[in-house]
Amino acid sequence: MSAASCLLTEDQFLCSICLDVFTDPVSTPCGHNFCKTCITQHWDINVPFQCPNCKKIFSIRPELQVNTFISEMAAQFRQSAQQKASSSSSEQQAAKSGEVPCDVCTGTKLKALKSCLVCLVSYCETHLEPHLTTSGLKRHQLIDPVENLEGRMCMKHDKLLELFCKTDQMCDCMLCTVLDHKTHDVVPLKEEYEGKKAELGKTEAEIQQMIQKRGLKIQEMKHSVGLSKVDADREIADGVQVFTALKESVERSQAELIDTIKEKQRKIEKQAEGFIKELEQEISELKKRSTEVVKLSRSEDHLHLLQSFTSLNAAPPTKDCTRVSIRPPSYEGIVVRAVNQLEKTLSKQMKKLFEAELKRVQQSAVDVTLDPDTANPKLILSDDGKQVKHGDVKKNLPDNPERFDYCVCVLAKQSFSSGRFYYEVQVKGKTQWDLGVVREWINRKGQITASPQNGYWSIWLRNENEYKALADPRVCLSLKSQPEKVGVFVDYEEGLVSFYDVDAAALIYSFTGCSFTEKLYPFFSTSSNYGGKNSAPLIISPVNHTE
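Residues numbered from 1 in each chain as written. Predicted model: local features only at pLDDT ≥ 70, side-chain atom pairs only at ≥ 80, totals over all residues. Heavy atoms only, no water.

So, on to the sheet that holds strand β11 (residues 186–188). Pairing within the open sheet is antiparallel, and its three strands lie in the order β10-β9-β11. In the strand order of this sheet, the two ends are held by β10 (170–172) and β11, each with one partner. The mean angle between the axes of side-by-side strands here comes to 35 degrees, regardless of whether they run parallel or antiparallel. Where strand β9 (residues 163–165) meets β11, three bridges bridge the pair, whose relative direction is antiparallel. Bridge pairing in β11 places F164 opposite V187. In the packing of helix α6 (residues 189–297) onto the sheet, contacts are made with β9, β10 and β11, and the angle to β11 comes to roughly 90 degrees. (Pairing = 2+ DSSP bridges. Helix = DSSP H or I, 4+ residues; strand = E, 2+ residues; numbered from the N terminus. Axes fitted to C-alpha atoms, helices over the stretch in contact; angles between N-to-C directions. Contact = heavy atoms within 4.5 Å.)

On to a nonpolar patch on the surface. A cluster of nonpolar side chains, contributed by L175, V178 and L179, occupies part of the molecular surface with about 270 Å² of accessible area. Within the fold, L175 resides in helix α5 (residues 174–179). Judged by relative accessible area, L175 falls into the partly exposed class, the value being 35%. (Patch = residues over 30% accessible without salt bridge, like charges linked within 9 Å, V, L, I, M, F, W, Y side chains within 5 Å. Areas by Shrake-Rupley, 256 points an atom, 1.4 Å probe, with all protein chains shown as cover. Salt bridge = Lys/Arg side-chain N within 4 Å of Asp/Glu carboxyl O. Buried < 20%, exposed > 50% of the residue type's maximum accessible area, 1.4 Å probe, protein only.)

Tracing the sequence through the fold places D501 in strand β21 (residues 496–501). In terms of polar contacts, D501 uses its side chain to reach the backbone amide nitrogen of A504, at 3.3 Å. (Polar contact = N/O pair within 3.5 Å; in protein donor to acceptor, adjacent residues only side chain to side chain.)

This part covers the sheet that holds strand β23 (residues 520–525). Read from one edge to the other, the open sheet built from six strands follows the order β14-β23-β16-β17-β18-β19, with strand pairing classed as antiparallel. Strand pairing shows two members of the sheet lacking a second neighbour, β14 (409–411) and β19 (475–477), which therefore form its edges. Neighbour-to-neighbour, the strand axes of the sheet open up by a mean angle of 20 degrees, direction not taken into account. Relative to β23, β14 is paired through three bridges, and the arrangement is antiparallel. Note on β23: the bridge partner recorded for L411 is F523.

Per-residue confidence for the chain gives a mean pLDDT of 87, with 95% of residues at or over 70. Ignoring residues within four places in sequence, the model shows residues 1–9, a span with pLDDT below 50, making 25 contacts including any to other chains. (pLDDT = per-residue confidence, 0-100.)

Take empty space enclosed by the protein next. Inspection of the entire model under this criterion finds two cavities of 30 Å³ or more. Of the volumes computed, that of the second largest cavity is approximately 30 Å³. Per-class residue counts for the lining of the second largest cavity are three nonpolar, no polar and two charged. (1 Å grid on protein atoms, 1.4 Å probe; cavity = no way out; pocket = protein on both sides within 12 Å on 5 of 7 lines; lining within 4 Å. Points joined across faces, edges and corners; volume = space filled by probe spheres on them. Nonpolar A, V, L, I, M, F, W, Y, C, P; charged D, E, K, R; others polar.)

All right, on to the pairing of strand β13 (residues 387–390) then. Going residue by residue along β13, you find V388 and H390 tucked away on one face and Q387 and K389 left uncovered on the opposite face. In terms of strand pairing, strand β12 (residues 379–381) meets β13 through three bridges, oriented antiparallel. Among the inter-strand pairings, L381 is bridged to a residue of β13, identified as V388. The antiparallel hairpin formed by β12 and β13 contains five residues in its connecting segment, where G385 sits at a positive phi of about 70 degrees. In the sheet, β13 pairs with strand β24 (residues 538–541) via two bridges, with the strands oriented antiparallel. Paired with Q387 across the two strands is I539, which belongs to β24.

Right, let's talk about the packing of α6 against helix α8 (residues 334–361) for a bit. α8 packs onto α6 with a crossing angle of 165 degrees between their chain directions and a minimal axis gap of 9 Å. When the axes of α6 and α8 are compared, the pair comes out roughly antiparallel. In the crossing of α6 with α8, the sense of the turn from one axis to the other is right-handed. Taking contact as the criterion, the partners of R234, E235, V242, A245, L246, S249, V250, S253, L257, T260 and I261 in α6 are, on α8, I334, V335, A338, L342, T345, L346, Q349, L353 and R360. (Parallel < 35°, antiparallel > 145°, perpendicular 65-115°, else oblique. Left-handed = near helix turned anticlockwise from the far one by under 90°.)

For α8, with 28 residues, the first-to-last C-alpha span of 40 Å sits near the 40 Å given by 1.5 Å per residue. Residues of α8 that are buried in the fold lie against α6, β15 (420–426), β20 (485–491), β21 and β22 (506–511). (Expected span 1.5 Å × (residues − 1).)

So, about the state of the cysteines. What the rule picks out here adds up to zero disulfides. C105 takes part in no disulfide bond, and the closest cysteine sulfur to it belongs to C102, at a distance of 3.6 Å. Judged by its relative accessible area of 7%, C105 is buried. Left without a disulfide partner, C173 is nearest to the cysteine sulfur of C176, which lies 3.5 Å away. Residue C173 is classed as buried on the basis of its relative accessible area of 0%. (Disulfide = S-S within 2.5 Å.)

In total, this model carries ten aromatic pairs according to the counting rule given. For the ring pair Y492 and F516, a centre distance of 5.4 Å and an interplane angle of 45 degrees mean the geometry is tilted. With a gap of 24 residues between them, Y492 in the loop between β20 and β21 and F516 in the loop between β22 and β23 connect regions that are remote in the sequence. Considered together, Y492 and F516 belong to a single accessibility category, that of buried residues. Ring centres of F499 and F511 lie 6.3 Å apart, and the angle between their planes is 70 degrees; this geometry places the pair in the edge-to-face category. (Phe/Tyr/Trp six-rings, centres within 6.5 Å; stacked < 30°, edge-to-face > 60°.)

Turning to the nonpolar core, a few remarks are in order. Counting residues in hydrophobic clusters, the biggest one holds 38 residues, and the most contacted among them are W433, F511 and F524. Aside from chain neighbours lying at most four places away, what touches F511 is P452, W457, S458, A469, L470, A471, G495, L496, V497 and F499. Counting 17 residues, the second largest nonpolar core, distinct from the first, contains C38, I39, F58 and F77. (Core = buried A, V, L, I, M, F, W, Y, C linked by side-chain atoms within 4.5 Å.)

Below is the structure:
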C-alpha cells in the first residue's frame, strides 16, 4: 500500500477495489471511477459485468474511458501525500528494541501503533490511516501492536483463529470446528474472552482482597511492634529504677556498715588516747620525783635529808596502771546484721515488683468454668461450674473419651491456643490439690504421671505444706506462707506458665521455655477427701485487680 493512504480522508481519491490512490483512473458508464488495472481484472474474473460500487449490470463489457480530471487530481493528491508522509515519518520515532515495528515501512521501521487481526499486519501511525478513514477497513479488528501475528493463524488450515473449543481448551479456526471439533462445545473467541476476562476480574478482586488483608496484617504487626516497644521501654525504665534503688540500698547499707565499724574504732582510739595522756603525765611527775630523790640521796646535809625524807619517800599520787586496759570492740555479727537489714529492704522492693507484675498479668483475666464431661465420677461440680470437691461416692456417668476415669481431675470448658490468659483459684482449707494447664490430647485414663513431657504444667500441695512444681525432675518449693488463692498465668507464644500467691503478691513458680502446639485447658485436681480433712472445694474466683 502506498504512502498516500496517510493523506486527507476524501474517499473520492481512492479506488474502492485496491483501496489506494487512483492509478490511471477510468470511468464506467454508471459514472464510478476505478484504477484501469483493477476494474479490468475484476471484469476478467466476474461475469456478468457489474459495477463494484452500485452493482449495475451491463449486458456487454463497457468500454472504459480515461478520466483526465480525476487522473490529474489523483496525481496532485499522490504528490501531496508523499510529502506529508515523508514529514510525518521524520517526526515519528523508529521502533526500539522490544517495540513492535511497522510491517509496511521500508528502510527505517517506525514504531507500530496498532496491529490488524484481519490483515495480520502491524501499522505505524502513517500506514494506519486507511483503517481509520476507509469504510471497508474500518470494520477490521485493531488491537495494540503485537509481534508474530502469524501465530494468530491456524497452522493446520492457515485460517484466522477466531473460535474457542471449550472441550479441548484451545483456539480454533472455522475449519477446525468443522473437521476436528465437530461435536465439541465451541464458542466465538470474543465470548470466551469475555468469560475469561470476567474470571480475571474476579481473580484480580481476590488478589486485591489478599493484598488488603496482608496490608492490614502488616499494620497490625507494626502496631504490635509499637506496643511491644512501649512495653519494652516501660520495663527498661522500671528495671533501671528498681536496680538503681537496689544499688543505692546496697551502697547505703555498705556505707552504714563502714560507719558503724569506724565509729567503734574511733571510740577505742579516744578512750586509749585519754588513758595514754594520763599515764604520760604520771610518767613526767615520776621522773621529776626521781630526780629529786636522787638529788636528796646525794646530799650530805643531815638535817635536810631527814626533813625531806618523809615527803619524798611516800608513794606518789598515781593510779594503779595494772587495772587500766583497752579491749578491742567486738565486730562479730555486725556484717550479718547489716546483710539481714539489706535483705529486708530487698524483700520490700521484691514485693513491690511482684505486686506490679501481678497487676499486669491480671489484665489478661478470662472467665473459666468447669467442664462436667471431663470430671472424674467422684467429683461434685457446682451448678455454675465454678466449684469442685471430692464426693467419695463414684457416680454412674458415661465413660466418654474426655473423662478422667481414675485420677480425680477436671478440665475447664474453655481452651486457649494463642495470646495470654489468667485465672485465680481459691485453695483455702485444702490439704492437697493440683492446679495448672494441660494439652488438649493428654491421656485421661488410668494412672497419670503429671509432667511437661506428658502435657501437664502444674504444681501441687501434699501433706498440708509440701509444695512441688511437677517438672522433670520435680522441684520442691519453699514458700514463706501457705497460699489461700493461686493465680495461674499463661503466655502461649512466650512459652510461659506462672503461678502466684495472690494475697502475698508473690511468685510461686514459673515454667519457662515451653513449646505449645495444641490447645491448652485449665486443669484442676481436688485430690482425695481423706475422711473430710481435704473436703474444702476448689473455687474459681473472680479476679479482683491488685491495687
